[in-house]
Each structure stands twice: as structure tokens, then as C-alpha cells.
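Okay, here's what each chain looks like letter by letter:
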Amino acid sequence: MTLIVGILVTLISLWYGQNHGWMPEAASREAPLVDNLFNVMMTIATALFLLIQGALIIAIFRFRQKPGDNTDGPPQEGDIGLEIVWTAIPVIIVMVLSIYSFEVYNEMGGLDPAASKDPGPQKTAVVPGTAMAATLPGQEKIALGVGASPKQQGNNAMVNVDVLGLQYAWIFTYPDSGVVSGELHVPTGQDVKLTIAAQDVIHAVWVPQFRLKQDAIPGRDTQLRFKPEVTGTYPLICAELCGAYHGAMRTQVIVHTPDEYDEWLQSQIAAKEQGDGLTVAQIMANNDNRLARQTQDWEISPEALAALQEMPHGLNAHHLQHL
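Residues numbered from 1 in each chain as written. Predicted model: local features only at pLDDT ≥ 70, side-chain atom pairs only at ≥ 80, totals over all residues. Heavy atoms only, no water.

Caption draft 1: Fine view of the overall build of the protein chain. Within the protein chain, the secondary structure is distributed over six helices and 13 strands. Sorting the 323 residues of the protein chain into buried and exposed places 36% on the buried side. In the protein chain, the share of contacts with a sequence separation of at least 24, taken over all contacts with a separation of at least 6, comes to 72%. Summing over all exposed atoms, the protein chain offers an accessible surface of approximately 19,200 Å²; the carbon and sulfur share of this is 60%. (Helix = DSSP H or I, 4+ residues; strand = E, 2+ residues; numbered from the N terminus. Buried < 20%, exposed > 50% of the residue type's maximum accessible area, 1.4 Å probe, protein only. Contact = heavy atoms within 4.5 Å. Areas by Shrake-Rupley, 256 points an atom, 1.4 Å probe, with all protein chains shown as cover.)

Caption draft 2: View of the sheet that holds strand β13 (residues 250–256). One open sheet holds the five strands; their spatial order is β7-β13-β12-β9-β10, and the pairing between them is mixed. The open sheet terminates on both sides in strands that have one partner only, identified here as β7 (184–187) and β10 (212–216). In this sheet, adjacent strand axes meet at a mean angle of 25 degrees when their direction is disregarded. Sheet analysis places strand β9 (residues 203–207) next to β10, joined by five bridges and oriented antiparallel. Bridged to V205 within β10 is Q214. Packing against the sheet, helix α4 (residues 258–273) makes contact with β7 and β13, and its axis sits at approximately 140 degrees to β7. (Pairing = 2+ DSSP bridges. Axes fitted to C-alpha atoms, helices over the stretch in contact; angles between N-to-C directions.)

Caption draft 3: The packing of helix α2 (residues 31–62) against helix α3 (residues 80–108), seen in detail. α3 packs onto α2 with a crossing angle of 165 degrees between their chain directions and a minimal axis gap of 9 Å. Considering the angle they form, α2 stands roughly antiparallel to α3. Handedness of the α2/α3 crossing: left-handed. Across the interface between the two elements, L33, V34, N36, L37, V40, M41, I44 and L48 from α2 touch I93, L97, Y100, S101, V104, E107 and M108 from α3. (Parallel < 35°, antiparallel > 145°, perpendicular 65-115°, else oblique. Left-handed = near helix turned anticlockwise from the far one by under 90°.)

Caption draft 4: Up close: the packing of aromatic side chains. For the structure on display, the rule yields five aromatic pairs. Consider the rings of Y168 and Y245, whose centres lie 5.5 Å apart with planes at 70 degrees: the pair is edge-to-face. Of this pair, Y168 sits in the loop between β4 (159–166) and β5 (169–174) while Y245 sits in the loop between β12 (232–238) and β13; the two residues are 77 residues apart in sequence, bridging distant segments of the chain. Residue classification places Y168 among the buried positions, given a relative accessible area of 5%. According to the relative accessible area criterion, Y245 is buried, its value standing at 7%. Taken together, the ring pairs in this structure connect Y174, Y261 and W264 into an aromatic cluster. (Phe/Tyr/Trp six-rings, centres within 6.5 Å; stacked < 30°, edge-to-face > 60°.)

Caption draft 5: Structural detail: the environment of T251. One can find T251 in strand β13. Sequence separation of T251 and C238 is 13 residues, and the distance between their C-alpha atoms is 9.0 Å. Beyond its immediate sequence surroundings of up to four residues, T251 is in contact with W170, F172, G182, E183, Y234, P235 and L236. There is a polar contact of 2.7 Å between the side chain of T251 and the backbone oxygen of G182. (Polar contact = N/O pair within 3.5 Å; in protein donor to acceptor, adjacent residues only side chain to side chain.)

Caption draft 6: The arrangement of the sheet that holds strand β8 (residues 192–198) in detail. Within the open sheet, the six strands sit side by side as β3-β11-β8-β4-β5-β6. Their pairing is mixed. At either margin of the open sheet sits one strand with a lone partner, and together these are β3 (145–146) and β6 (179–181). Pairing analysis gives three bridges linking β5 to β6, with the strands arranged antiparallel. Its bridge partner being in β6, Y174 is matched across the sheet by V179. Running at roughly 105 degrees to β6, α4 makes contact with β4, β5 and β6 of the sheet.

Caption draft 7: Spatial organisation of the side chain of H246. Residue position: H246 is located in the loop between β12 and β13. By relative accessible area, which is 19% here, H246 ends up buried. Setting aside chain neighbours within four positions, we find H246 in contact with Y168, C238, A239, E240 and L241.

Caption draft 8: A look at a nonpolar patch on the surface. Together, L48, L51, I52 and L56 make up an exposed nonpolar region whose accessible area comes to about 360 Å². Residue position: L48 is located in helix α2. On the basis of relative accessible area, L48 is assigned to the partly exposed category, the value being 36%. (Patch = residues over 30% accessible without salt bridge, like charges linked within 9 Å, V, L, I, M, F, W, Y side chains within 5 Å. Salt bridge = Lys/Arg side-chain N within 4 Å of Asp/Glu carboxyl O.)

Caption draft 9: Geometry of the pattern of salt bridges. Across all of its chains, the model carries six salt bridges by this definition. A salt bridge links E107 to R29, with the shortest nitrogen-to-oxygen separation between them at 3.8 Å. Highlighted residues: E107 in helix α3 and R29 in the loop between α1 (2–19) and α2, separated in sequence by 78 residues. Given the relative accessible area of 26%, E107 is considered partly exposed. Taken together, the salt bridges that share partners define one network made up of R29, E30 and E107.

Laid out in C-alpha cells, this is it:
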């Protein structure tokens, strides 16, 4: 009987772990890596759920107090073997998941030492009795964000985009062409590198279909590198509470075929040369109008929206140097 129960629990857990349907479409190279880890976690969680709930249900019926029986149950002094088992199993599960998740993070580029130019905390040598001080050389950089995968380390990304988050909009600048957009356009099958910054408070770039999220931090750059695989339009959402209109701070990622992406980029360059390209001011105006539409059912007063529109939208010169 125990063998049959074990086989059934294993089969049900394996099936549900692969067919839970909880994740959105996988649209990037990195997405299957995260999905496989999630599937393993769901398989383990399903097995534990069935075993624990099954044991509880059996105990409820098998060991329930019989009518008229007011005696105490038999004394139990403990079971060393059982305690070892229920301690060892969680330890093994945690160790396996830790090692697996570490490998997934490394494969996605999370351990790329060149993922950021941020030098991190600096050690400084001070000459006693003087005002002389100097930063010690040879200190390693801190990797902020997801960089190149181990196979791609040392290779430049094919598409570079500077991303600026500010209350409550995203601005995307393509430094190689000077194109500015309120949406992120990328081609399939090519490495894309986002250099992310925040103008005011902490924001976060989150694309669920890519299984990627990266904070945008005021005063320092972070990086997100990925390879889109499936054409389509996907939401890009701010995943850090950044103010009263945080819920409306979202835009789109449009994944083109390489040819369609080239056509879009050339059309934006031509429009920019003719003076018809989007400007930062237009993007912010469009964002204010979008906020008004998205918040019309929130019972927000026109005065509050007007105050938002009057907020200064000063921009980081690093991200707008090509405008």
C-alpha cells in the first residue's frame, strides 16, 4: 500500500509540476531557465502538500477519540529516526534548490563581473596627521544587475538601450542612433543590453514574459541583458512602489523580427532628422494624458493630476546626451 501511495504521489507531483499553467508566455532566452526552476519547486511543493495533507486526513479518522473514551493516549518519548528524517529532508531540498538556483542565476548572467561600472564601496588610505587620502587601486567592481551569460561574457550586446525611470514614465534612448521612445522596441534573436537609471526614486523594470526584473536606482546605473525569442507586445511594469501613481507606471515592450526592427529604427531616425521624432517633452505629455485615462475611475481630483503634471521632469544627462 505504501509503495502504491508513493508512486501515485510521485506521478501526480511530476505531472502538476510541469502542467500547472501559472506562468505567462515565455518570450526570452532566459525565461525557460526560470520556468524549469519554478517547475522543480512546484513538483516538490505538490509532493509535500499531498503527503502532509494526506497524513492529516488519515490521522483525523484513524486516531479520533472514540465515544466514551476519556483516557489519555499512549505516552511517546520521541523517535530519533523520525526526527532525523524530517530534519534531513528539508535540508536536502533547500540545498538542491540553492545550488540549482545559483546555476540558473549564473547562466542568466547574474554573476557577470562586468554587469556594472559601479565600483562599489571603496577602500581609502589616509596619511595620519595630514589631509592626504587616496583610493586604493585594484578593487573589484560590483555587478549590479543581470549581465552576459557565461558563453557571452566579453562580447558586446547587439542592441543597447538607455532606460530612465521617473515618476511616472519610462524613457528609452537608443544611444547609437539618438532615437528616443516611450516604448521599448527590440529584435528577436539578438542580445539586448539595458542600462537602467532612475531620476527620482527607486523604480524597477519588470517584464513578466521575459522572467526578468531589475531595479532602477537613483545615482547609479544597473544593467539588464537578455535575448528576446518570440515576437509580440508585452507589458513593461514598474515593480517597486514609487509613489501615488505607481500602478499606472507601465509601458510596452514590442519585440520585432530583425527586419521589422530595422524598419522601425530607420523610420524613427528619419523622423528625428525631419524634426518629427518624439521628444522627451512629448513622451511626458503623453504620459500625463495616459495617467488621466488610467486614473479616471480612481476618484482622483483634477487638482491632484494637475500637481503631478507640474512636477519637474529634469533628466539625467547621461541618458539624454544623444538628444
